[in-house]
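Chains, contacts and geometry: an overview
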Amino acid sequence: GTDPYSAVEKDGLIYGLGAINMKSGLACILAAFKALAENRAGLKASGRVGLMIVVDQEGLSAGAQAALQTPHAKCHAMLHAEHFFGDSEQNYLPIAVTGKVLYKLVVKGRSGHAFRPHEGGINAITDAATIVNALARLKLGKHHLFGEGTYCILKIEGGPKEYSMVVPERCEVTIPRLIVPGETRQSAVEDMQRLVVGLGLNSSVEIQTPPPCYDPYKLDPD
């Protein structure tokens, strides 16, 4: 292992946090701009070329959202230097991009005394755990460029904040899901609804999709 906060060069490779995502992409962009600047006289195309480097891609994409509010958002074309190739290592231009749905499941049960949970209590944490254990049955889309979609349980939160012998009446589960072209936020919500309804839970379950949430897209290869 190497120190993730220091760039370490070994056998022609650089190891460190962000070496691939996104510093390699930025290095390619800067190299391309340097080549353009050095060969301006030989360029036949006319127009302006801009460089935009934004922050927060692993979060809410605040930088990209801010960029879309500037005049640069009205450009005719954009080249994205994310660290992946297209449908093969010989065809580097991706024509499709995956989307993301962030499920926030709000499970609502009914409180009761924890010594007598069978007397009217509905444990929201127990029902949330039932959903989590059943996620392998969630219908995930497939695409020839990306394979099958994915999901990951990020957070489970429920129960009283301080010790109390009360049946938990609320639990929240956060699950990001990668969706592929052909799927949408709405179809992903319907997938989760079918799964939850099929479990026959005593709790009610609200399916929210807070930001970041965006659909995949596929470009015309022509």
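In the block above lies the structure referred to throughout.
Anyway, here's the lowdown on the structure attached to this text. Everything numeric here is computed off the predicted structure, so don't read it as measured data.

**Examining the overall build of the protein**
When its secondary structure is counted, the protein shows four helices and eleven strands. The C-alpha atoms of the protein give 24 Å as radius of gyration, which overshoots the globular expectation for 222 residues (17 Å, by more than 25%). Each of the three principal axes of the protein carries a C-alpha extent, and together these read 85 × 45 × 35 Å. Here the protein holds 222 residues, and the buried ones make up 24% of them. Of all intrachain contacts in the protein linking residues separated by at least 6 positions in sequence, the fraction that spans at least 24 positions is 68%. Carbon and sulfur atoms make up 56% of the accessible area of the protein, which amounts to about 15,700 Å² in all. If the 22 positive side-chain charges of the protein are averaged to one point and the 23 negative ones to another, these points end up 4 Å apart.

**Description of the pairing of strand β9 (residues 170-179)**
Put simply, side chains in a regular strand alternate between the two faces of the sheet. Taken across its ten residues, β9 has eight buried, putting it largely inside the fold. Here ten bridges tie strand β4 (residues 99-108) to β9, and the two strands are oriented antiparallel to one another. Note that in β9 the partner of Y103 across the bridge is I175. Both strand β7 (residues 150-151) and β9 contribute to a ladder of two bridges, which runs antiparallel. Residue pairing for β9: T150 is matched across the bridge by L178. The sheet contact formed by strand β8 (residues 155-158) and β9 spans four bridges and is antiparallel. When the bridges of β9 are listed, E157 appears paired with E172.

**A closer look at the nonpolar core**
A general trend in soluble globular proteins is that nonpolar side chains are found buried together. Counting 22 residues, the largest nonpolar core has Y103, L105, I131, I175 and M192 as the members making the most contacts within it. Looking at this core, the elements with two or more residues in it are β4, α3 (124-133), β9 and α4 (185-198). In this structure, I131 is in contact with L105, V107, V196, L199, L201 and V205, ignoring residues within four places of it in sequence.

Thresholds applied
- Residues numbered from 1 in each chain as written.
- Predicted model: local features only at pLDDT ≥ 70, side-chain atom pairs only at ≥ 80, totals over all residues.
- Heavy atoms only, no water.
- Helix = DSSP H or I, 4+ residues; strand = E, 2+ residues; numbered from the N terminus.
- Rg over C-alpha atoms; globule rule 2.2 N^0.38 Å.
- Buried < 20%, exposed > 50% of the residue type's maximum accessible area, 1.4 Å probe, protein only.
- Contact = heavy atoms within 4.5 Å.
- Areas by Shrake-Rupley, 256 points an atom, 1.4 Å probe, with all protein chains shown as cover.
- Lys, Arg positive; Asp, Glu negative; His and termini not counted.
- Charge placed at Lys NZ, Arg CZ, Asp CG, Glu CD.
- Pairing = 2+ DSSP bridges.
- Core = buried A, V, L, I, M, F, W, Y, C linked by side-chain atoms within 4.5 Å.

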